Amino acid sequence: MSGTAINVLYFAQVAELTQVRQESWPLQGPISGADWLAQLEQRYPQLAPTRRLKLAVNQFHVRPDSVIQPGDEVAVFEPVTGG
Amino acid sequence: MVIVQQHDFDSAALVAQLRERTAGKAGALVTFTGYVRDYAPDQATQSLFLEHYPGMCEREITEICDTALSRWDVAEVLAVHRYGELHLKDQIVFVAVASAHRGQAFLACEYVIDALKTRAPFWKRETLAGGDRFWVQQREADAEKTEQWNQP
């Protein structure tokens, strides 16, 4: 995948706080999940602390030190509570 | 087989079909069913809304079932999970494992529901009888239980 943006999906409580469920987020080059979460917290201070949030990239759970690339689908959410 | 759907499921029919598919191979069939219950200690639950991440849910649960199939000597693993608006006592989730022997079936079934609870992207929002709404928080005990399966 390539491009100059990532497709960001917000779920559950996170979506309620951002008041948006999906948005395109400009991204020129690779960035770590942790660094991107810091940017997310700047745009949406109501999400603080974003360290507690989980990320999935292209529908796979990832650790905060994983790299996000332009073109990725990035989902942000609280720890899951299914079952 | 993995099914993620809004509508209710017939666990008896699912067991009958699984029994038919594994007839002669499986000497044991273990099932787990999860229902909506009162979560809050002091006020009755009125309804439960289950939000999910379409696509990733199916992918993640399939991966969990595939892990169970490779880790234990089981013939088939079936998992069904609902989403959307559910009410008290409704069925939420169903796991069924067919195996030659019961020990392997019990282990695989417990692994699948434990892993599903901490990996499948679903989020529960509870509405109490008084109208209050809140998002259910993941229990530390659930995370620890899934972690135990990763120990050698």
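Numbers given to residues run from 1 along each chain, matching the order in which its sequence is written. Whichever chain is written first is A, and whichever ligand is written first is 1; the rest continue in order. For this predicted model, a pLDDT threshold of at least 70 governs which residues receive local features, and a threshold of 80 or more governs which side-chain atom pairs are given and counted, while totals over whole chains, interfaces and linings are taken from all residues.

Looking at an unreviewed UniProt entry, one finds chain B named Molybdopterin synthase catalytic subunit, with Pusillimonas noertemannii as its source organism. Database annotation for chain B, UniProt heading Sequence similarities (unreviewed entry): "Belongs to the MoaE family." UniProt positions are given in the numbering used here, feature names are shortened, and annotations may be inferred rather than shown by experiment. Recorded under Subunit (unreviewed entry), the UniProt text for chain B is reproduced unchanged: "Heterotetramer of 2 MoaD subunits and 2 MoaE subunits. Also stable as homodimer. The enzyme changes between these two forms during catalysis."

Chain A has the name Molybdopterin synthase sulfur carrier subunit in an unreviewed UniProt entry, where Pusillimonas noertemannii is given as its organism. The Sequence similarities (unreviewed entry) comment attached to chain A in UniProt states, word for word, "Belongs to the MoaD family."

## Section: the overall build of chain A
In terms of regular secondary structure, chain A is built from two helices and seven strands. Every helix listed is a DSSP run of H or I at least four residues long, and every strand listed is a run of E at least two residues long, numbered separately from the N terminus. Listing every helix and strand of chain A by position from the N terminus yields β-α-β-β-α-β-β-β-β. Principal-axis analysis of the C-alpha atoms gives chain A an extent of 35 × 30 × 20 Å. When the 83 residues of chain A are sorted by exposure, 31% land in the buried category. The contact criterion used here is simple: two residues whose C-beta atoms, placed from the backbone, lie within 7 Å are in contact. Counting only contacts in chain A whose residues sit at least 6 apart along the sequence, the fraction spanning at least 24 positions is 57%. Partly exposed residues are those whose C-beta has more than 12 but fewer than 20 other C-beta atoms within 10 Å; with 20 or more the residue is buried, with 12 or fewer it is exposed, and the C-beta atoms are placed from the backbone.

## A closer look at the overall build of chain B
Summing up its helical and strand segments, chain B has four helices and eight strands in all. When the helices and strands of chain B are placed in sequence order, the string is β-α-β-β-α-β-β-β-α-β-β-α. A compact globule built from 152 residues should have a C-alpha radius of gyration of about 15 Å, and chain B, at 16 Å, falls within 12% of that. Along the longest, intermediate and shortest principal axes, the C-alpha atoms of chain B span 50 × 35 × 30 Å. Relative to its 152 residues, chain B shows a buried fraction of 30%. Partitioning the contacts of chain B with sequence separation of at least 6, the portion at a separation of at least 24 is 77%. The globule rule is 2.2 Å times the number of residues to the power 0.38, and the radius of gyration it is compared with is taken over C-alpha atoms.

## Side note on the interface of chain B and chain A
The partner chain A presents 14 residues to the 23 residues of chain B that form the contact. Every element with two or more residues in the side of chain B that touches chain A is listed here: strand E3 (45–52), helix H2 (56–71), helix H3 (102–119) and strand E7 (122–128) of chain B. Charged means Asp, Glu, Lys or Arg here, nonpolar means Ala, Val, Leu, Ile, Met, Phe, Trp, Tyr, Cys or Pro, and polar covers whatever is left, Gly included. Considered class by class, the residues forming the side of chain B that touches chain A number twelve nonpolar, five polar and six charged.

## Digging into the sheet that holds strand E2 (residues 28–35) of chain B
All names here are of chain B. When DSSP locates at least two bridges between a pair of strands, those strands are taken to pair. Here we have four strands laid out as an open sheet, ordered E1-E4-E6-E2, and mixed in their pairing. Taken across any chain shown, the strands that pair with only one partner, and hence form the sheet edges, are strand E1 (2–5) and E2. Strand-to-strand twist of the sheet, defined as the mean angle between neighbouring strand axes without regard to direction, takes the value 5°. Sheet topology note: the E2/strand E6 (residues 91–99) ladder contains eight bridges and is antiparallel. Paired with Phe32 across the two strands is Val95, which belongs to E6. Only C-alpha atoms enter the line fits that serve as axes; for helices the fit covers just the stretch in contact. Angles between N-to-C directions range over 0 to 180 degrees.

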